[in-house]
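Fold and contact review
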Amino acid sequence: MLQTTTIETAPRGETGPRTIGVKPLNPTIGAEISGVDPSQPIPEQTATELRQAIADHIVIFLRDTPLDFAAHQRLAAVFGEAHIAPSTAAWRVEGFPEITKMHADGTSKYVAGENWHSDMSADPEPPMGSVLYLHTIPTLGGDTVFANMYAAWDALSDTMRAMLDGLTATHDAVKAFGAIVARDMELPCTSHPIARIHPVTGRKALYVNPGYTTKIDGMAEAESDALLRFLYEHIKDPRFQCRFTWSPHATAIWDNRCSQHVAIWDYFPQVRSGFRIQVKGERPA
Ligand code: SIN
């Protein structure tokens, strides 16, 4: 069971170190945060509390907080250095290589993240986290669902965990982006442990996802396919999840090392628009 804490927000106008408010969405994953103002330098005390909130709740949400690029960078920097990945021209923001445009409208043929995934898991060092800010949202729909991969790992039987622990799986970005990006763009393909140890909490998390994972290394194709099919069903258990309904100028910050998420595209042809910064991670252990 995750520990949940509510920290009082410092009174407005107070000049000393600020603290944040933390309101869990459920006992397993997700919390709404208050008391953070990324338009100003973020005090070290607040930064420490934000990092603790992510460690406790895996994904945190800020509402009613417009972010310009500087504020977005400041908020992301609380969690580490920006992860800069090659991206297609349509997603780039001129002069800001770390910022990716996230936009869908009535002309879109696809949206990012429509399949359960952990961001860029095919990279040798996938981003530890992502900071997604949306300024424009549809009148209804466009939620994002997040799932706790510690809970998914813990819910497997001892026998299943013993079999999977120590195995690796191949994550191939061609599965995620092959049909979308330019043919000559080089896409990573890497093997990672199926039970990933989180470097901050020391806990094991299930680290295979239908967006990127193509096979369990060392198994026959039929064995690997059957086991992955089971694990992909398992991660969708609603007990592991929270569902975030966006409001304009909300931000979601998640830890990719112990979660997966899916963006629900149920609002076509309406507009959903914003920007994302990813934070550098480490090689999964
Ligand atoms: C993503 O997968 O990074 C996008 C999530 C979203 O748009 O809700």
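The structure this text deals with has already been given above.
Our subject in this report is the structure included herewith. Everything numeric here is computed off the predicted structure, so don't read it as measured data.

Observations regarding the side chain of Ser 108
- For Ser 108, the location among the structural elements is in the loop between strand S4 (99-104) and strand S5 (129-136).
- Accessibility expressed as a relative area gives 16% for Ser 108, which makes it buried.
- Looking at Ser 108, its side chain comes within polar contact range of the main-chain nitrogen of Asp 105, at 2.8 Å.
- Setting aside residues no more than four positions away along its own chain, Ser 108 makes contact with His 103, Trp 265 and Phe 268.

Quick notes on unusual backbone geometry
- A cis geometry characterises the amide bond from Phe 268 onward to Pro 269, with omega recorded as 10°.
- Structurally, Pro 269 is set in the loop between strand S14 (259-263) and strand S15 (272-279).
- Positive phi outside glycine occurs at His 249, with the angle close to 65°.
- For His 249, the location among the structural elements is in the loop between strand S12 (241-244) and strand S13 (250-255).
- Since its relative accessible area comes to 28%, His 249 is described here as partly exposed.

Quick notes on the environment of Asn 148
- For Asn 148, the location among the structural elements is in strand S6 (residues 144-148).
- The exposure class assigned to Asn 148 is buried, which follows from its relative accessible area of 2%.
- Sequence separation of Asn 148 and Ser 259 is 111 residues, and the distance between their C-alpha atoms is 4.8 Å.
- Among the polar contacts made by the side chain of Asn 148, one reaches the main-chain carbonyl oxygen of Thr 28 at a distance of 2.9 Å.

Focus: empty space enclosed by the protein
- A complete count under the given rule lists 1 cavity of 30 Å³ or more for this structure.
- Contributing to the lining of the largest cavity are Ile 54, Phe 79, Met 128, Gly 129, Ser 130, Val 131, Ile 253, Trp 254, Asp 255 and Val 279.
- At the level of elements, S5 and S13 are the ones that each hand at least two residues to the lining of the largest cavity.

Details of the side chain of Thr 100
- On the secondary structure map, Thr 100 appears in strand S4.
- With residues near it in sequence (within four places) discarded, Thr 100 still touches Trp 91, Gly 274, Phe 275 and Arg 276.

A look at the nonpolar core
- If you look at the biggest cluster of nonpolar residues, it comprises 40 residues, and the most contacted ones within it are Phe 146, Leu 164, Leu 206 and Val 208.
- Considering each element in turn, this core owes the most residues, 5 residues, to helix H3 (residues 149-154).
- Those residues within four positions of Leu 206 in sequence are excluded, and the remaining contacts are Met 149, Ala 152, Trp 153, Ile 194, Leu 231, His 234 and Ile 235.
- Counting residues in hydrophobic clusters, the runner-up holds 27 residues, among them Val 36, Leu 50, Ile 54 and Leu 62.

Description of the site of the ligand
- The environment of the ligand is made up of Met 102, Ala 112, Gly 113, His 117, Asp 119, Leu 132, Thr 144, Trp 254, His 261, Ala 263, Arg 272 and Arg 276.
- Within the side chain of His 261, a nitrogen or oxygen atom sits 2.9 Å from an oxygen atom of the ligand.
- One of the side-chain nitrogen or oxygen atoms of Arg 272 is found 2.8 Å away from an oxygen atom of the ligand.
- When the ligand is considered free in solution it has 260 Å² of accessible area, and contact with the protein chains removes 98% of it.
- Contributing elements (two or more residues each) for the shell around the ligand: S14 and S15.
- Residues of the shell around the ligand, tallied by class, amount to 5 nonpolar, 4 polar and 3 charged.

Details of the packing of aromatic side chains
- Applying the stated criterion to the full structure yields 7 aromatic pairs.
- On the basis of an interplanar angle of 75° and a centroid distance of 5.0 Å, the ring pair of Phe 244 and Trp 246 is categorised as edge-to-face. Trp 246 matches Phe 244 in its accessibility class, with the two residues each being buried.
- Taken together, the ring pairs connect Phe 61, Phe 146, Phe 244, Trp 246 and Trp 254 into an aromatic cluster.
- Sitting over the ring of Tyr 207, Arg 196 keeps its end group 4.8 Å from the ring centre.
- Residue placement shows Arg 203 over the ring face of Tyr 150; its charged tip is 4.3 Å from the ring centre.

The rules behind these values
- Sequence positions are assigned chain by chain, starting from 1 and proceeding in written order.
- For this predicted model, a pLDDT threshold of at least 70 governs which residues receive local features, and a threshold of 80 or more governs which side-chain atom pairs are given and counted, while totals over whole chains, interfaces and linings are taken from all residues.
- Side-chain descriptors were evaluated using all non-hydrogen atoms of the structure, hydrogens and water having been removed beforehand.
- A run of DSSP states H or I qualifies as a helix once it reaches four residues; a run of E qualifies as a strand once it reaches two. Both are numbered from the N-terminal end.
- Burial classes follow relative accessibility: with a 1.4 Å probe on protein chains only, a residue under 20% of its type's maximum area counts as buried, one over 50% as exposed, and anything between as partly exposed.
- Whenever two N or O atoms come within 3.5 Å, that pair is a polar contact, provided that in protein one can donate a hydrogen and the other can accept it, and provided that, for residues adjacent in sequence, both atoms are side-chain atoms.
- Residue contacts follow a heavy-atom distance rule, with two residues in contact if any of their heavy atoms lie within 4.5 Å.
- Detection works on a 1 Å grid of protein atoms alone, calling trapped sets that fit a 1.4 Å probe cavities and calling open sets with protein on both sides within 12 Å along at least five of seven lines pockets, with lining residues defined by an atom within 4 Å of a point.
- Grid points are joined across faces, edges and corners, and a volume is the space filled by probe spheres set on the points.
- For our purposes a nonpolar core is just a set of buried Ala, Val, Leu, Ile, Met, Phe, Trp, Tyr and Cys residues, chained together by side-chain atoms within 4.5 Å.
- What makes a residue near a molecule or strand is one non-hydrogen atom of that residue sitting within 4 Å of it.
- Each accessible area is a Shrake-Rupley estimate made with a 1.4 Å probe; only the visible protein chains count as cover when residues are assessed.
- Ten residue types, Ala, Val, Leu, Ile, Met, Phe, Trp, Tyr, Cys and Pro, are classed as nonpolar, four, Asp, Glu, Lys and Arg, as charged, and the remainder, Gly among them, as polar.
- For this analysis, a ring pair means two rings from Phe, Tyr or Trp (six-membered ring only for Trp) whose centres lie within 6.5 Å, classed as stacked if their planes differ by under 30 degrees, edge-to-face if by over 60, and tilted for the remaining angles.
- To sit over a ring, a charge needs its Lys NZ or Arg CZ within 6 Å of the ring centre and within 35 degrees of the ring normal.

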